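Here are the chains, one letter per residue:
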Amino acid sequence: MRNLWLKLRKDYKKKNPKLKSGAFELLKYIGPGLLVTVGFIDPGNWASNFAAGSEFGYTLLWVVTLSTVMLVILQHNVAHLGIVTGLCLSEAANKYLSRRASRVTLWSAIGASISTSLAEILGGAIALQMLFDVPIKIGAILVTIFVTCMMFSNSYKKIERYIIAFVSLIGLSFIYELFLVDIQWQEAAVAWVTPSMPDGSILIIMSVLGAVVMPHNLFLHSEVIQSREWNLKDDKVIEKQLKYEFFDTLFSMVIGWAINSAMILLAASTFFREGLIVDDLQQAKSLLEPLLGANAAIVFAIALLFAGISSSMTSGIAAGSIFAGMYDEPYNIKDIHSRTGVAISLGVALLIIFVINNPFKGLIISQAILSMQLPITVFLQVRLTSSKEVMGKYANKPMTKYMLYLIASIVTALNLWLLYSLATGWVVTD
């Protein structure tokens, strides 16, 4: 009977070569979006989300929703650049801008990647200190060595698998911890879609928004999506990739939204309820232990370690892509230019960590640097994707272009406001 069934199934496949279901077809395109997701569940986000939840409860959940919607639009748009042109954002800037303009833009993006790597490596080092009492600077060296070895010895596909595994573990960690607390789901559901600005919350709102839309992620997504080398001369192929890319982006960003939301839910249901304000990741772990038990604190530290490692890899790939793009080359870890970009990002970040006395202050400074560079990258992207010279018939429609410029303006205004707050001493970083 079994042999007969197998024979019938084989005959049916021959007669129906398109037997493969849409679900399995979609799975081939999952990956690039998850690499981006890691960028906005990094240690910098942890600090912002735990501060939001511990100080304002559920009321700032809407910020995660808004920032994720903005991110979906921007990442979907920059992925189009990679699919349609076969160029990453860095290569396109090098090709379509003047040499001086492209160098200033791309070197500023390298600086943003270094700043991102600093936060990621620092987060991993803080996690090692939580778990094994390893000094921050020694932990930073260990994280950098581990990440460098993984990146220099693996291809895109292997890196994507590691990232998917890390993201899954981070998500499972927070799901586990959510089961240990009492969530007011009805109140949370309202807060996800209802804007609210409690007194003194504007700085946290800007921090969460600024930490989600990150410049290196825009370079990263366009690089990874174009690296799949589709047939760019066939409009049907391009249309298919654009459709499936949106699913990948939406699916991945929803996962990021859920994990960021889980951080706020956890902080609101533990620290806010107890009247405890968290302003340090080490403090968050220490406070979790008496409230939820030793297991929750350990799971928190392990998840932070995975977040630091995985996001360090994505910031390294972004830097490699940016540097290689200056030489009209795609990212390839076997190529000297890509390796140089990775080494600059991770190496310089590690050196800066050695002169930082306050790790939490280091996270704040890294976010400020990102804030300064972000508008440059966003406006660069919109200019390129709105150009018919670059995108041909796939250039942004007027409505899309205006919506993107509106988002870019909002992001710029919010980040400038954050910088002003830092400069005027509104933020206490010590």
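Structure's up top.
The rules behind each value
Residues numbered from 1 in each chain as written. Predicted model: local features only at pLDDT ≥ 70, side-chain atom pairs only at ≥ 80, totals over all residues. Heavy atoms only, no water. Helix = DSSP H or I, 4+ residues; strand = E, 2+ residues; numbered from the N terminus. Buried < 20%, exposed > 50% of the residue type's maximum accessible area, 1.4 Å probe, protein only. Contact = heavy atoms within 4.5 Å. Areas by Shrake-Rupley, 256 points an atom, 1.4 Å probe, with all protein chains shown as cover. Core = buried A, V, L, I, M, F, W, Y, C linked by side-chain atoms within 4.5 Å. Axes fitted to C-alpha atoms, helices over the stretch in contact; angles between N-to-C directions. Parallel < 35°, antiparallel > 145°, perpendicular 65-115°, else oblique. Nonpolar A, V, L, I, M, F, W, Y, C, P; charged D, E, K, R; others polar. Expected span 1.5 Å × (residues − 1). Phe/Tyr/Trp six-rings, centres within 6.5 Å; stacked < 30°, edge-to-face > 60°.

## Notes on the overall build of the protein
Move 1: Tallying secondary structure elements over the protein gives 19 helices and zero strands in all.
Move 2: Considering the protein as a whole, with its 430 residues, one finds that 57% of them fall into the buried category.
Move 3: Look at the contacts in the protein between residues 6 or more apart in sequence, and 82% of them connect residues 24 or more apart.
Move 4: Summing over all exposed atoms, the protein offers an accessible surface of approximately 18,600 Å²; the carbon and sulfur share of this is 65%.

## Some details on the nonpolar core
Most often, soluble globular proteins keep nonpolar side chains buried together rather than apart.
Move 1: Core analysis: the largest hydrophobic core is formed by 131 residues, its most contacted members being Trp46, Phe50 and Phe174.
Move 2: Ranked by the residues each element gives to this core, the list is headed by helix 15 (residues 294-325), at 15 residues.

## A short note on the packing of helix 6 (residues 89-96) against helix 12 (residues 215-226)
Move 1: Two elements in contact, helix 6 and helix 12, have axes separated by 7 Å at closest approach and are oriented at 95°. Here helix 12 runs roughly perpendicular to helix 6, going by the angle between their axes. Mapping the contact onto sequence places Leu89, Ser90 and Glu91 in helix 6 and Leu218, Phe219, Ser222, Glu223 and Gln226 in helix 12.
Move 2: Residues of the contact of helix 6 with helix 12, tallied by class, amount to three nonpolar, three polar and two charged.

## Remarks on helix 15
Move 1: The end-to-end C-alpha distance of helix 15 is 47 Å, a good match for the 46 Å that 32 residues give at a rise of 1.5 Å each.
Move 2: Among the 32 residues of helix 15, 28 are classified as buried, and the element is accordingly described as predominantly covered.

## Focus on the packing of aromatic side chains
Move 1: Inspection of every chain in the model, using the stated rule, returns nine aromatic pairs.
Move 2: Ring geometry for tryptophan 46 and phenylalanine 300: centres 5.2 Å apart, planes at 65°, overall edge-to-face. Note that tryptophan 46 is positioned in helix 4 (residues 43-56) and phenylalanine 300 in helix 15, a separation of 254 residues in sequence.
Move 3: Both rings, one in phenylalanine 247 and one in phenylalanine 251, keep their centres 6.0 Å apart while their planes meet at 10°; by these two values the pair is stacked. In this pair, phenylalanine 247 and phenylalanine 251 both sit in helix 13 (residues 235-274), four residues apart, roughly one turn of the helix.
Move 4: Judged by its relative accessible area of 34%, phenylalanine 247 falls in the partly exposed class.
Move 5: Taken together, the aromatic side chains of Trp46, Phe50, Phe271 and Phe300 make up a single cluster linked through ring pairs.

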